[in-house]
Amino acid sequence: MDDLFVTIGHRFSRVELRRRMRDYVRGLLAPVARKNSWQLAEQAGHATPDGLQHLLAGAKWEPDDIRDELQEYVAHKLGEEDGVLIIDDTGFIKKGTTSAGVGLFAQAPDEAWEKISYGNGAKGPRVYHWAAVRLPAVAEFDYQGEVPHRMRWALARRSIRKPDEIAYYLAYAPLETTAQELVRIAGTRWAIEECFQAAKNECGLDQYEVRRYPGWYRHITLAMLAHAFLAATAHQAREKGAERVRQPGPSSSQWRRFGDSWQLVGPGPRTCTDVEADTTR
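Residues numbered from 1 in each chain as written. Predicted model: local features only at pLDDT ≥ 70, side-chain atom pairs only at ≥ 80, totals over all residues. Heavy atoms only, no water.

Chemist: Which parts of the structure should I look at to understand the packing of helix H2 (residues 15-29) against helix H4 (residues 50-57)?
Modeler: A pair of packed helices can be characterised by two numbers: the angle between their axes and the separation between those axes. H4 packs onto H2 with a crossing angle of 100° between their chain directions and a minimal axis gap of 10 Å. One way to sum up the angle between H2 and H4 is to call them roughly perpendicular. Between H2 and H4, the contacting residues are Leu 17, Arg 20, Met 21, Asp 23 and Tyr 24 on the first element and Gly 51, Leu 52, His 54, Leu 55 and Leu 56 on the second. Residue classes in the contact of H2 with H4 are distributed as six nonpolar, two polar and two charged. (Axes fitted to C-alpha atoms, helices over the stretch in contact; angles between N-to-C directions. Helix = DSSP H or I, 4+ residues; strand = E, 2+ residues; numbered from the N terminus. Parallel < 35°, antiparallel > 145°, perpendicular 65-115°, else oblique. Contact = heavy atoms within 4.5 Å. Nonpolar A, V, L, I, M, F, W, Y, C, P; charged D, E, K, R; others polar.)

Have a look at this one:
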């Protein structure tokens, strides 16, 4: 944890702010029932929560900078070449025919909808009708020079039994990505819901005491930082455990593998030295 604090510490101009930030994040990681400013202050040994409240509401530091540091930390600790970034938010039920995204699929022909399973659930394969629309490219993001290298997609997932129930996804992927692959990835969306719940239970993501957006954004950023640390620590522990499994120690069993079969290896022939040792005993 100290290494992480050193990484982001330069984003706080004063020593006192760095100390409050450390106390706040450590408090979010502490096993306490509630994680508002009063409980975090008590956990850190502060007489009042004023200092921690000031950290969120009035101190001079940019949460965007911490967010960028957090992004690099997560990419370094958890990133993989074929990793998937899932972004979700609180949405609104789409009504009528003029809401954004309703028209991107209402006009799609029947043959545009394909029956695809996006993974197994508790009751077997989760099968829906899917439609995919390739969106116009954005030159400054989707091109390298004059060569396109990424594509934007909109996906719609329609219930087979209740065709009026449609869920929507936006995707940003390499050019070679297929619609079937995007559907498979859409099936992993549950991971972000699990992440949100873990961050609430373990790091107080939803236990803030601020009324203005800047204070809320700062709390969320520090809570995400705490949760990323826990995730990186757990990942490192799993990696070490897997390494121990891959490199087992010497076996005490007398069974040994020879080609395609196993054989019981008995004790070897006794030597004169062994006989002399037994006689001496």
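Chemist: In this structure, what is going on with the pairing of strand S2 (residues 124-135)? I would like to understand it.
Modeler: On any regular strand, side chains alternate: one points to one face of the sheet, the next to the other face. Both strand S1 (residues 114-121) and S2 contribute to a ladder of six bridges, which runs antiparallel. Opposite Ser 117, over in S2, you have Val 127 as the bridge partner. Between the antiparallel neighbours S1 and S2 lie two residues. Of the strand pairs in this sheet, S2 and strand S5 (residues 150-158) are connected by seven bridges, and their pairing is antiparallel. Within the sheet, the bridge partner assigned to Leu 135 lies in S5 and is Arg 152. (Pairing = 2+ DSSP bridges.)

Chemist: For this particular structure, what's the right way to read the sheet that holds S5?
Modeler: The strands making up a sheet associate through hydrogen bonds between their backbones, and the pairing can be parallel or antiparallel. In spatial order, the strands read S1-S2-S5-S6; together these four strands make up an open sheet with antiparallel pairing. Strands with a single pairing partner mark the edges of an open sheet, and in this sheet they are S1 and strand S6 (166-174). On average, each strand axis in the sheet is tilted by 40° relative to the strand beside it, whichever way the strands run. Strands S1, S2, S5 and S6 of the sheet are contacted by helix H7 (residues 179-186), whose axis makes an angle of about 35° with S1.

Chemist: Looking at this model, I keep getting lost on the environment of Gly 45. Mind explaining?
Modeler: With respect to the helices and strands, the residue Gly 45 is situated in the loop between helix H3 (37-44) and H4. For Gly 45, a relative accessible area of 64% corresponds to the exposed category. Spatially, the C-alpha atoms of Gly 45 and Asp 23 are 9.2 Å apart, while their sequence positions differ by 22 residues. (Buried < 20%, exposed > 50% of the residue type's maximum accessible area, 1.4 Å probe, protein only.)

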